[in-house]
Every structure is written in C-alpha cells, then in structure tokens.
Amino acid sequence: MWKYVRKYLHFAVIAALFMIGEVLMDLIQPSIMSRIVDEGVLGLNNGGIGDLHVIWTLGLQMIGLVLFGGFCGSLNNVFVHLSGQNIGNEMRKDCFRKIMTFSFPQLDRFGTGSLVTRVTNDITQVQNFVSQFVRGMIRTSLLMFGSIYFMFRLNRDFGLIVLCAFPFIVGCLVFCLMKANPLFSQLQAQLDTINAIMQEDVSGIRIIKACVREIYEKLRFGKANDALIKTQLRVLVIFAFMNLVMNAMMYVVITVVLLVGSYEAGDSGATPGQIMAAITYATQLLNGILMLVMLFQGISRGLASWKRVKEVLNSEPELKDGGFAGETKQQGAIEFRDVSFSYPGTERMVLEHINLTVHKGETVAIMGATGCGKTTLASLIPRFYDVTDGAVLVDGIDVREYNQKALREKVAVTLQKSELFSAAIGENIAWGAPEASQEEIKAAAVIAQADDFISSTKDGYETIVAERGMSLSGGQKQRISIARAIIKAAEILIFDDSTSALDLKTEANLYEALQKTNPGSTKIIIAQRIASVRRADRIAVLENGRIAAVGTHEELLAGCAVYQDIYHSQIGKEEEVHG
Ligand SMILES: Nc1ncnc2c1ncn2[C@@H]1O[C@H](COP(=O)(O)OP(=O)(O)O)[C@@H](O)[C@H]1O
Ligand SMILES: [Mg+2]
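Scope of this entry: the structure provided in the associated data block. (Residues numbered from 1 in each chain as written. Chains lettered and ligands numbered in written order. Predicted model: local features only at pLDDT ≥ 70, side-chain atom pairs only at ≥ 80, totals over all residues.)

As a structural note, the neighbourhood of ligand 1 is formed by Asp 108, Tyr 343, Thr 346, Val 350, Gly 368, Thr 370, Gly 371, Cys 372, Gly 373, Lys 374, Thr 375 and Thr 376. Top element by residues in the shell around ligand 1 is helix α10 (residues 374–379). It accounts for three residues. Per-class residue counts for the shell around ligand 1 are three nonpolar, seven polar and two charged. (Near = placed C-beta within 6 Å. Helix = DSSP H or I, 4+ residues; strand = E, 2+ residues; numbered from the N terminus. Nonpolar A, V, L, I, M, F, W, Y, C, P; charged D, E, K, R; others polar.)

Shown next as structure tokens:
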C-alpha cells in the first residue's frame, strides 16, 4: 500500500499537522478551565475572593483556542480526504488496468461479481481505512497520551489511577479485535456472494420471470443476505460489548478520581477546578479509546479489503507473451498437434489428442453434441487458454510464441454468446477496427446479412444498442457480432455457433457472401445444423473431446456413424432447404 500512500504522503503530513493543532487545543482547554474555576471563581490563591478579570481573559483565551482548534479540524478533514480519495482513485485505475490484462482462466477464477466488489466496495473500504488511519491514529494517540500527561501535571494520583486502568483497557481491546478480525474477511466474502447473485439475477431477470423462478431467487438472495447480516450482527455484538466494557472502565476511573479528589480536597491536594479538569481529561481519554475501537474496526476491515485488492493487483498475467510479432508467409493456416486440454483447476480432460490441420483459405466446420468441446477447441486458436499438452500452431508457429496482440489481430472470433456494448450499432460493428469508415461498416453488415434490418430502423447505424444488446433479437445480435468479426479483415475467422438463430436461407446467403468477399481467409465454423456445415471444405466431427472423423459432407455421410445420426435426426429440416 506504501506505493500509493507515498504518492500522496504530503497531503497526509499536512493533515497530521492540522490534527496535532486540533488535539492540542482540546487538551489545553480543561487546564484553562480549571484555572478559571480555581482562580477566577473560587479565588483559591486570593483568599477566597474571585477575580472577574481572570475569568474574562482566560475565557477569551478559551474561545480563541476553540476557534483555532475548529479551523485546524476542518483543514485536517480536507487534507485527509484529499489523500484518501486520491489513493482510492489510483488503486481503482490500477485494478481496472490489471483486470484488463487478465487471462480467461484468471477471470474464471475470480468471477465477475468478486472483481466488481473488489474494485468498488473493497477499494472504498481501503480508502476509508487510509482516511481513518491518518485522522484517527494521530488523534487517538495524542488525545490518550496527552490526557494522561495532563492528568499527571494536574495531580500525580490522578495520573496513576488512569495509568492503572490502561492495561485493562488495552487487554479488552486486543481481545475483541482478535475475535472480530476473522469476521471481517468473512464479511467481504459474503458480500461477494451477494454481488454475484445480484449480478446474475439482475442480468438474467427475463429468464427468471420466464421460468417463474422469482420466489426461488428471492430465497437464494435472502439466504445470502441473512448470512451477511448474521456476520454483521456478530461483529456488532463484539463491538457493543467492547464499548460497554470501555465505558464501564472509564466510569470506574472517574469515580475513583472523584473519591481520591474529595479525599485529598481536605488536605493540600486537589482543588475543585483540578477535579473538574481531571474528569474532562478522563472523558477525553475515554473518547480517545472509543475512537481507537472504531479505528481498529476500520483497520481490520480495511486490511481485509486490502488483501483482496492486493490479490487483483499482484496477479501476474498468466499467459506469458511470446516475442513473435512479425508477418508469416502462410497467412492463416492452423494446426492442432496432439492437443489435450483440461480447464485450469479441473481434472477432466475436455479435449484429448486432437490432430487437425487447416490450410489457408480452407473452411473447416466442427460439429458435435453440446459440451463435446467445440468452443474449447476454438478458444485455443486465439490462445484464450493454453493447451495442457501438445501445441496449437498458427502459420507454423506455436501460439505461445506469438505476441498476444499480434496473434489476436490475425484471428477474428464471434463468441457463442454475442456480447454487445451499449453504444451505436455502427460502433459495435467497428469495435475491433475503430478506424473503419462508414462504408466499411456497411460493407461488413451487408455480408453479415445485417444491413437490411439495420437500415430499416429510424436511426440506422446510429441506433443505440441497449445494455448487452437487450433491444435486439438473438439473430440480429448474432449478425452484428459476425459483422464485427468480418470488418477486422483477419486471416482466420472463427464463428462459434454464431448463426444458430438465423433462418437457413439467411445463413446460406451469409456464408455465400462471405466466401465471395473473403475467399482467402481461413474459416472455422462451429455449428449444430447439417445445413450450416455441408458446404464446408471439410467437417470435423467431435465426440467427447476426440475427433471421430474428418471429411467432406458426402464422405462423412457415407462413413461416419455419428454424422449419420445427426443427419438423420435433422433430415426434415434438410429437405426444407432443398425445397
Ligand atoms: N470455463 C470453463 N471452466 C471449466 N470447464 C468448462 C469451462 N467452459 C467449458 N467447460 C467444460 O468443458 C466442456 C466443453 O465445453 P464447450 O467447449 O463449451 O462445449 P461445446 O462448445 O462443444 O458445447 C463442457 O463439459 C464444459 O462443462
Ligand atoms: Mg460451444
């Protein structure tokens, strides 16, 4: 954290100086008060005759001190927040930048909900911690030690009484904090769960309604919420107990001070003004300790949050960038060389001994039941994940040797789930090629069979897409995603089940247009329907993570049982197309 604090240390130091001013004013006041009482009102040093002049001058001094203290306090507040806010701001930016570098496995591991909590709630917690620390540490320690010092100055016995109570107070503090500390990490984790549910349920509210799952989801959310509240209550109980003990302890101190004071008052010992001041100091000490309690609570929370923010900041990019960024001769050839793959952190092999070569300009379709590993296979080409065994080569070079940016510039992917951003349709299409002209955007949309429906809307390419493309139909979203891939002019195009929501006619037109305009690009088409793949140069049939057969439509129909099965199950639809 020092790295961040150091940058804004000057604000913290200025804040600390103002804080010292504020606390000193607080500490001096009771001593002046005791003089007003003893000398001004009771006239103890003047044979019992009060002195109005003393009251006036000391009273004015006190007002001056209060004003100065308030001035220092306000400025302290300003500088404390300047340092806290700036530090939080830097951290938030760094976290965001870091998350942008995360590999797919890292994103899988953290989870979206947790990352959002870390960047928002946790950083706010750290920010508060810094502010509280700068304010509280100086204020409480000065207030506590100052009160003890001034107590000693007033009367040695008063000082000793407070000093005796001190170990008990500290002991109670440590005990409670030890009890509460583990709860703070638990709190943040529970908050994570709540955020994850919130995120899932709010973005999936339509499907929840469609499946009439509202009650179940409410219960699920309620359960997570209850868990959080339960932990929060446990923390509250601990701190309430601590408050109680601290208060009780201080009242004991005040009582003893009063007892000793009145006992001594008869002798030459304490004066009424001193006893008054001693009570004020004892109360200040109590305030200092209570603030310390709050402070430690903030520190515990802040540190628990900092640990979570640190996990993000200290995550090293898992995919080590290769150095190769140059041009290649083959421009779009892919080779899977005995590739096996299991998702990081899991045991099960999703892909096993895949051998497949795709030549430049070839169209290869991948077919297979859901869950057999098609998406996984495709995601190895732009190196979203690293192979567990074997190698994936693009243009004869292992993808791990590529500079990631260079590799991903060669490959355009439409993901199985179309992701659109809340921006204009045109902007969404040009997402991967921001410098594309209006004509290029339109040309890509024409190939993707999207131009017709886009142009028919009132604002055309300027139409704003609602969050995550909610304002569009599935097929429209898919076509915009395809246009986004096409405009990139990449050597390799991967369509992961991207035409599933299109009718067969539109789909056929799309592939035809694509073949005409981009004959040189290598195309990997993942699909479920025979109609989508039959025109491919070759079709690879995946079964349980292995390649069952590779061949043309006719070859597979003649010799591959899995393909025949799929064909026969879809035969009705096939005939529709021919007809
Ligand atoms: N991020 C992931 N982490 C762990 N397992 C995954 C992940 N994504 C997919 N899988 C698993 O890998 C298998 C293959 O998934 P996938 O490649 O998406 O199948 P397909 O695209 O053929 O329907 C599935 O059994 C799925 O459960
Ligand atoms: Mg898939």
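Once that is clear, we can look at the sheet that holds strand β3 (residues 363–367). Either a parallel or an antiparallel arrangement is found when strands of a sheet pair, and the pairing is made through backbone hydrogen bonds. Strands sit in the order β6-β7-β8-β3-β9-β10 across an open sheet of six strands; the sheet is mixed. Strands at the two margins of the open sheet, each flanked by one partner only, are β6 (411–414) and β10 (546–551). Averaged over neighbouring strand pairs, the angle between their axes works out to 15 degrees when direction is ignored. Where β3 meets strand β9 (residues 538–543), four bridges bridge the pair, whose relative direction is parallel. When the bridges of β9 are listed, Ile 366 appears paired with Ala 540. In the packing of helix α15 (residues 474–487) onto the sheet, the strands contacted are β6 and β7 (492–496), and the crossing angle to β6 comes to about 180 degrees. (Pairing = 2+ DSSP bridges. Axes fitted to C-alpha atoms, helices over the stretch in contact; angles between N-to-C directions. Contact = placed C-beta atoms within 7 Å.)

The subject of this paragraph is the sheet that holds strand β2 (residues 351–358). Pairing is antiparallel in the open sheet, where four strands are placed in the order β2-β1-β4-β5. Since the sheet does not close on itself, it has two edges, and those belong to β2 and β5 (397–398), each with one partner. Looking at chain direction, strand β4 (residues 389–394) and β5 are connected through two bridges and run antiparallel. Considered in β5, the bridge of Leu 393 is made with Asp 398.

Contact geometry of helix α2 (residues 9–41) with helix α5 (residues 112–154) gives a least axis separation of 9 Å together with a crossing angle of 30 degrees. As the angle between them shows, α2 and α5 are arranged roughly parallel. Where α2 crosses over α5, the handedness of that crossing is right-handed. Together, Ala 12, Ala 15, Ala 16, Met 19, Ile 20, Val 23, Asp 26, Leu 27 and Ser 31 of α2 and Val 134, Arg 135, Ile 138, Arg 139, Leu 142, Leu 143, Gly 146, Ser 147 and Phe 150 of α5 make up the contact between the two elements. (Parallel < 35°, antiparallel > 145°, perpendicular 65-115°, else oblique. Left-handed = near helix turned anticlockwise from the far one by under 90°.)

Take helix α3 (residues 52–101) next. Helix length check: α3 (50 residues) gives 73 Å between terminal C-alpha atoms against 74 Å at 1.5 Å per residue, within 8%. Inspection of α3 places Asn 76, Phe 79, Val 80, Ser 83, Gly 84, Ile 87, Gly 88 and Met 91 among the buried residues, and these make up the whole buried set. Where the residues of α3 are buried, they touch α1 (2–7), α2, α5 and α9 (272–313). (Expected span 1.5 Å × (residues − 1). Buried ≥ 20, exposed ≤ 12 C-beta atoms within 10 Å, placed from the backbone.)

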